[in-house]
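# A structural walkthrough
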Amino acid sequence: MFFRLVQESITNARRHGAATHAAVRFAVDGDWLVITVRDNGRGLPQKTITYGYGLTQMEENVSSLHGMLHFDGSDGFLTEARIPLTKGEYRE
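The paragraphs below set out a description of the structure included in this document. (Residues numbered from 1 in each chain as written. Predicted model: local features only at pLDDT ≥ 70, side-chain atom pairs only at ≥ 80, totals over all residues. Heavy atoms only, no water.)

### Some details on the pairing of strand S2 (residues 32-39)
With seven of eight residues buried, S2 is to be regarded as a mostly interior element. Here strand S1 (residues 22-29) pairs with S2 via eight bridges, running antiparallel. The partner of Ala22 across the bridge, within S2, is Asp39. The hairpin formed by S1 and S2 contains two residues between the paired strands, and Gly30 there has a positive phi angle of roughly 65°. Bridge count between S2 and strand S4 (residues 77-84): eight bridges; the pairing is antiparallel. Its bridge partner lying in S4, Ile35 is registered against Ala81. (Buried < 20%, exposed > 50% of the residue type's maximum accessible area, 1.4 Å probe, protein only. Helix = DSSP H or I, 4+ residues; strand = E, 2+ residues; numbered from the N terminus. Pairing = 2+ DSSP bridges.)

### Overview of the packing of aromatic side chains
A ring pair, where both rings are aromatic, is described by two values, the distance of the centres and the angle of the planes. Inspection of every chain in the model, using the stated rule, returns one aromatic pair. Where Phe71 meets Phe77, the ring centres are 5.9 Å apart and the plane angle is 35°; that geometry is what we call tilted. On the accessibility criterion, Phe71 (3% relative accessible area) is buried. On the basis of relative accessibility, which here comes to 16%, the residue Phe77 falls in the buried class. (Phe/Tyr/Trp six-rings, centres within 6.5 Å; stacked < 30°, edge-to-face > 60°.)

This is how it looks when you write it as structure tokens:
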């Protein structure tokens, strides 16, 4: 699942954002695994981010692990997934 999240983010950066650079980061923040992919592409205003197949699939994958997914298109494009590492953090 993590590989597909990163792969789809980079594919979108090249295909839709004309990005020439993407940075991938895996970090632990308390009881959360945080995966971020930030590119230097065109970006996209938050109100115009639409959920095509790729973004929808990413959201479903993260949700299946009781995580949260956030997109920000204000400066390039940022995809941030937060996945709980402990059962106590799972959402209902």
